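# Coordinate inspection notes
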Amino acid sequence: ICSFTAYIIVLFAMLMLYEGELLRNSAQKKIYETLAYTDELTGLSNRAAFEKTIDEIEAQKYPEKIILFMGDLNSLKKINDEQGHDHGDEYIKAAATCLWQVFKNERGIFRLGGDEFAVIVIGDEKDAKTYYEKLGDVIAEYEEKTGIHVSMALSHAQSLCTQGYKDLRHDLFR
């Protein structure tokens, strides 16, 4: 009985060590996933997260109406050239902050790279108009508060699929 008890204790200790290793690996996986899908400068989701989200939407059996907003910042190159990249980075972060304030409860806000942003919204045309108005208000308030002028060209496309998305990229980007 003593050797059997010792065996059970050793087995239990090994299981506890294995479980601890699994938890550490799971935590590390979450960290790596966050790093892989997050834009370092803005904290928004990045291009890889955008592609993953599009794939997830295409896989839905019962799709929703999707609005894709695409935007880029005006004058980023000029700011970088004349004031330096630190100011350019602040400009990018300012735009990201404004987008976050407007779209934080939506499907995703993405910095695709450089001065390009995308936002995926579940909604229709009247929702798009509301978002444009809200973004204009948020930018004006941000500029008043911080003194940083944010100028961005923003457009949208809507996909009205009811049968499932086979090629959402094609629907939205054509």
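Residues numbered from 1 in each chain as written. Predicted model: local features only at pLDDT ≥ 70, side-chain atom pairs only at ≥ 80, totals over all residues. Heavy atoms only, no water.

Its boundaries defined by the atoms lining it, the largest pocket holds a volume of some 170 Å³. Around the largest pocket sit Asn74, Ser75, Ile79, Gln83, His87, Glu90, Tyr91, Ile148, His149 and Ser151, which together line it. Elements that contribute at least two residues to the lining of the largest pocket include exactly helix 3 (76-83) and helix 4 (85-103). The greatest single-element share of the lining of the largest pocket, amounting to 3 residues, is contributed by helix 4. Looking at the lining of the largest pocket residue by residue, the classes come out as 3 nonpolar, 6 polar and 1 charged. (1 Å grid on protein atoms, 1.4 Å probe; cavity = no way out; pocket = protein on both sides within 12 Å on 5 of 7 lines; lining within 4 Å. Points joined across faces, edges and corners; volume = space filled by probe spheres on them. Helix = DSSP H or I, 4+ residues; strand = E, 2+ residues; numbered from the N terminus. Nonpolar A, V, L, I, M, F, W, Y, C, P; charged D, E, K, R; others polar.)

Take the sheet that holds strand 3 (residues 116-122) next. One open sheet holds the 4 strands; their spatial order is 2-3-1-4, and the pairing between them is antiparallel. If you trace the sheet from one side to the other, it starts and ends with strand 2 (108-113) and strand 4 (152-159), each paired once. Averaged over all pairs of adjacent strands, the angle between their axes in this sheet comes to 20°, without regard to strand direction. As judged from the 8 bridges shared by strand 1 (residues 66-73) and strand 4, these two strands associate in the antiparallel manner. For leucine 73, the partnering residue across the bridge sits in strand 4 and is methionine 152. (Pairing = 2+ DSSP bridges. Axes fitted to C-alpha atoms, helices over the stretch in contact; angles between N-to-C directions.)

Our focus in this paragraph is the side chain of asparagine 80. Structurally, asparagine 80 can be placed in helix 3. We classify asparagine 80 as buried; its relative accessible area is 15%. Once residues lying within four places of it in the same chain are set aside, the contact partners of asparagine 80 are His85 and Gly88. (Buried < 20%, exposed > 50% of the residue type's maximum accessible area, 1.4 Å probe, protein only. Contact = heavy atoms within 4.5 Å.)

All right, on to empty space enclosed by the protein then. Following the criterion strictly, the structure yields 1 cavity of 30 Å³ or more and no others. The space that makes up the largest cavity amounts to roughly 30 Å³. Taken together, Phe69, Met70, Gly71, Leu99, Phe117, Ala118, Val119, Met152 and Leu154 make up the lining of the largest cavity. Of all elements in the fold, only strand 1, strand 3 and strand 4 reach the threshold of two or more residues within the lining of the largest cavity. Residues belonging to the lining of the largest cavity are distributed by class as follows: 8 nonpolar, 1 polar and no charged.

Here helix 3 crosses helix 4 at 145°, and the two axes come no closer than 7 Å. Residue-level contacts link Leu76, Ile79, Asn80 and Gln83 of helix 3 to His85, His87, Gly88, Tyr91 and Ile92 of helix 4. By residue class, the composition of the contact of helix 3 with helix 4 is 4 nonpolar, 5 polar and no charged.

Enumeration according to the criterion identifies 7 salt bridges in this entry. A salt bridge links lysine 129 to glutamate 133; the nearest nitrogen and oxygen atoms lie 3.9 Å apart. Highlighted residues: lysine 129 and glutamate 133, both in helix 5 (residues 125-146), separated by 4 residues, approximately one helical turn. Judged by its relative accessible area of 54%, lysine 129 is exposed. Glutamate 133 sits in the partly exposed class, given a relative accessible area of 46%. (Salt bridge = Lys/Arg side-chain N within 4 Å of Asp/Glu carboxyl O.)

The next subject is the pairing of strand 1. Here strand 1 lies mainly inside the structure; 6 of its 8 residues are buried. Sheet topology note: the strand 1/strand 3 ladder contains 7 bridges and is antiparallel. Bridge pairing in strand 3 links isoleucine 67 to valine 121.

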